[in-house]
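Residue-level structural notes
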Amino acid sequence: MKILALLALAIAAPAAGQTEPHYEMRAAFDPSGALEADVEIVLPPGTREKTFLLSRRFELRGVMLSGASLAGVTAAESPVEGLYAYRFVAAPEANGPMRLRLLYGGPINPAEDNGVRPLRDDGFELFIDHMWFPVGADIQTRFTLDAEIEGLAPDLVVVAQGEVTRGPTSVRIRRDYIDIDIPMVAMRGLERAEAPGVEFFSRDLGTRLSTFYIRHSEGAARYFERWFGPLAQTVRMAVVWRDRPMAYARTGYTVFSEGGRSAPDYPESGAARHAGHEVAHAWWMLASPITDDFWLVESAAEYCAIRYLETALGAEAAAEMIEEKRRVSADAGPVMGHGRPNRVQLYQKGPLLLVDLERRIGRPAMDRLLAEMAREPVHTTAVFLRLLTGVAGAEVAAAFEQALRS
Ligand SMILES: [Zn+2]
């Protein structure tokens, strides 16, 4: 019986002075698309309660707790549908950290296809939206990771964060830096290209689109390093073949979709903006995705992408993009004041507010402001306004906040 085998695994010891959550994952896929997982989460000492979300398509096989008890299980439909929320509280007498070990299994593919199925004909693409591991309910819980994943056919090329060691049918992923996700692409036929600070994977490195992405990922990495300081991690980028064009970035990791972009007339400016945006997330990913501060992730990355576009392809290319954003966002409504902004507010209007701010305070002040902000450990609008006050005065900061809210 599987559970007994899993129980025999040793429980990891926490690092001394642990200040961030740590995940130990043992998982196995089978060819039919079933996942069996055993995840132990060690929370930093002093944590009194914590809620995790996991997709309801997984059946809980066992829960083992140390220093904690399970206070409740409720159905949850946010930020995606079909979740269970598991709420744990620290045992009153406990003096060590809370350790939560969850064993669960079920189909890796959700019943509903949202255009990014985790398991497809050419392999796996997994990330947080699939809710395939216990995700902190604030969607902001960052953790270090040691994962051992079995059941990956030898011809799957694995792209993941951190130190990635491939066995014949397994992969070990050790990530000593924190992030919110366990993202992984394991696809057949991926080729690899490398530039300083950037690794690039695609099943065809010779396409027009791959050529653009490689050129501009490297170009954007260099440009932003001059602005914000060295990249903390090599950025691994994978192009996956699916219709849905959605791309996303985590620390040192980015996924692009081919998504119909390999048409012979696909403009280089599109790929340059796209690569610039995703590389910029190396510095712009520290605001909560479920609050109105999220403009500091997407609008900031998009503004930086416009700046990269200007450097790489000229002022006219940037001006065209700004014009297009003005057209699309004319009726966008306020970026802030109503929870997480919508797509038009995040990607069209938000960056324009930053373009307008730059015009008001001048580029040198804008560059200083963003460089200071990029060094902040947590990105909130309040922090941004404080730094803006320092750079350009209280009146400018008040006017910018007003613009975010109108
Ligand atoms: Zn983004």
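Along each chain, numbering runs from 1 in the same order as the chain's sequence is written. Given that the model is predicted, a residue must reach a pLDDT of at least 70 before its local features are reported, and side-chain atom pairs must reach 80 or more before they are shown or counted; all residues, however, enter totals for whole chains, interfaces and linings. Excluded from the side-chain calculations are hydrogens and water; all other atoms, namely the structure's heavy atoms, are used.

**Thoughts on the sheet that holds strand S20 (residues 253-257)**
Inclusion rule: Only strands joined by at least two bridges in the DSSP assignment are considered to pair. The way it works is that DSSP assigns letters per residue, a run of H or I at least four long becomes a helix, a run of E at least two long becomes a strand, and they are numbered from the N terminus. Only the contacting stretch of a helix is used when fitting its axis, a line to C-alpha atoms as for every element, and angles between N-to-C directions run 0 to 180 degrees. What makes two residues a contact is simply this: any of their non-hydrogen atoms within 4.5 Å.
The five strands are arranged S16-S17-S18-S20-S19 in an open sheet whose pairing can be described as mixed. Strands with a single pairing partner mark the edges of an open sheet, and in this sheet they are strand S16 (191-195) and strand S19 (248-250). Strand-to-strand, the axes of this sheet are offset by a mean angle of 15°, without reference to chain direction. When strand S18 (residues 235-240) meets S20, the two strands line up parallel, connected through five bridges. Looking at the pairing, Val240 lines up with Ser257 of S20. Lying over the sheet, helix H2 (residues 208-228) contacts S16, strand S17 (198-202), S18 and S20, oriented at roughly 165° with respect to S17. The sheet contacts of helix H3 (residues 268-280) involve S18, S19 and S20, and relative to S20 the element is tilted by about 155°.

**Remarks on the coordination of the zinc ion**
How we decide: Water is not among the atoms examined, so metal sites may look incomplete; donors are the N, O and S atoms within 2.8 Å of the metal, or within 3.2 Å for Na, K and Ca. Throughout this description, buried means an accessible area under 20% of the type-specific maximum (1.4 Å probe, protein chains only), exposed means over 50%, and partly exposed covers the range between.
Protein ligation of the zinc ion involves His277 (NE2), His281 (NE2) and Glu298 (OE), the donor distances falling in the range 2.0 to 2.1 Å. Linear spacing of the donor residues for the zinc ion on their chain is H-x3-H-x16-E. Of this pair, His277 sits in helix H3 while Glu298 is found in helix H4 (residues 295-313), placing the two residues 21 residues apart along the sequence. Each of the two residues, His277 as well as Glu298, counts as buried.

**Thoughts on helix H5 (residues 315-328)**
Working note: α-helix, 3.6 residues per turn, so residues spaced by three or four point in the same direction. What counts, and what does not: The span you would expect from a helix comes to 1.5 Å times its residue count less one. Read the arc as the range of directions from the helix axis to the C-beta atoms.
The end-to-end C-alpha distance of H5 is 20 Å, a good match for the 20 Å that 14 residues give at a rise of 1.5 Å each. Among all positions of H5, only Ala317, Ala318, Met321, Ile322 and Lys325 are buried. The buried residues of H5 all sit within an arc of 135° when viewed along its axis, so they share a single face. Away from the buried face of H5 by more than 90 degrees, exposed residues Ala315, Glu316, Glu320 and Arg327 are located. On its buried face, H5 is in contact with H3, H4 and helix H6 (343-361).

**Examining the domain arrangement of the chain**
Interface size is often expressed as the accessible area that is lost when the parts come together. Our working rule: Source of the domain bounds: an automatic or database domain assignment.
Each assigned domain of the chain is listed with its residue range as follows: domain 1 (21-114 + 126-179), domain 2 (191-280) and domain 3 (292-404). Computed over C-alpha atoms, the centres of domain 1 and domain 3 are 34 Å apart.

**Let's talk about the pairing of strand S11 (residues 143-150)**
Looking down a regular strand, the side chains alternate between one sheet face and the other. Burial runs high along S11: six of the eight residues are buried. In this structure, strand S1 (residues 22-29) lies alongside S11, joined through seven bridges in parallel fashion. Looking at the pairing, His22 lines up with Thr144 of S11. Relative to strand S14 (residues 170-179), S11 runs antiparallel, the two sharing seven bridges. When the bridges of S14 are listed, Asp146 appears paired with Arg174.

**Structural notes on the pattern of salt bridges**
Heads up, the condition is: A carboxyl oxygen of Asp or Glu within 4 Å of a side-chain nitrogen of Lys or Arg is what we treat as a salt bridge.
Counting across every chain of the model gives 30 salt bridges. Arg172 is the partner of Asp146 in a salt bridge, and the nearest nitrogen-oxygen pair spans 2.7 Å. Note that Asp146 is positioned in strand S11 and Arg172 in strand S14, a separation of 26 residues in sequence. Its relative accessible area of 7% is what places Asp146 among the buried residues. As a salt-bridge pair, Glu218 and Arg222 come within 4.0 Å of each other at their nearest N and O atoms. You can see Glu218 and its partner Arg222 sitting in helix H2, four residues apart, about one turn around the helix.

**Quick word on the pairing of strand S9 (residues 123-126)**
In this structure, strand S8 (residues 119-120) lies alongside S9, joined through two bridges in antiparallel fashion. Paired with Arg120 across the two strands is Gly123, which belongs to S9. The antiparallel pairing of S8 with S9 creates a hairpin that spans two residues between the two strands. In terms of strand pairing, S9 meets strand S15 (residues 184-188) through four bridges, oriented antiparallel. Following the sheet pairing, Leu126 is matched in S15 by Met184.

**Here's the deal with unusual backbone geometry**
Omega for the peptide link from Ser78 to Pro79 comes to 5°, which places this bond in the cis form. Relative to the helices and strands, Pro79 resides in the loop between strand S5 (68-76) and strand S6 (83-90). Even without a glycine there, the phi angle at Met131 is positive, about 50°. Here Met131 shows up in the loop between S9 and strand S10 (135-136). For Met131, a relative accessible area of 3% puts it in the buried group.

**Some remarks on the packing of H2 against H4**
Cut-off, in case you're wondering: Orientation labels follow simple angle bins: below 35 degrees gives roughly parallel, above 145 gives roughly antiparallel, 65 to 115 gives roughly perpendicular, and whatever is left gives oblique. Should the near helix be turned counterclockwise from the far one by less than a right angle, the crossing is left-handed, whereas a clockwise turn marks it as right-handed. Three residue categories are used. Nonpolar comprises Ala, Val, Leu, Ile, Met, Phe, Trp, Tyr, Cys and Pro, charged comprises Asp, Glu, Lys and Arg, and polar comprises the others, including Gly.
Running from N to C, H2 and H4 point in directions that differ by 110°, and their axes come no closer than 10 Å. Considered as vectors, H2 and H4 are oriented roughly perpendicular to each other. As for how H2 packs across H4, the hand of that crossing is right-handed. Contacts from Arg215, His216, Gly219, Ala220, Tyr223, Phe224, Trp227 and Phe228 of H2 reach H4 at Tyr303, Cys304, Ala305, Arg307, Tyr308, Thr311, Ala312 and Leu313. For the contact of H2 with H4, the per-class residue count stands at 11 nonpolar, three polar and two charged.

**Side note on the packing of aromatic side chains**
Think of a pair of aromatic rings as described by two things: how far the centres are apart, and how the planes are tilted against each other in angle. Formally: Only rings of Phe, Tyr and Trp enter the pairing, Trp through its six-membered ring, and a pair is recorded when the two centres are within 6.5 Å. The plane angle decides the type: under 30 degrees is stacked, over 60 is edge-to-face, the rest tilted.
Under the defined criterion, the tally for this structure stands at 24 aromatic pairs. Ring centres 6.5 Å apart and planes at 40° place the aromatic pair Phe224 and Trp227 in the tilted group. Taken as a pair, Phe224 and Trp227 lie in helix H2 at a separation of three residues, close to a single helical turn. Accessibility expressed as a relative area gives 0% for Phe224, which makes it buried. Taking 5.2 Å as the distance between ring centres and 85° as the angle between the ring planes, the aromatic pair formed by Trp295 and Phe384 counts as edge-to-face. Note that Trp295 is positioned in helix H4 and Phe384 in helix H8 (residues 381-392), a separation of 89 residues in sequence. For Trp295, a relative accessible area of 0% corresponds to the buried category.

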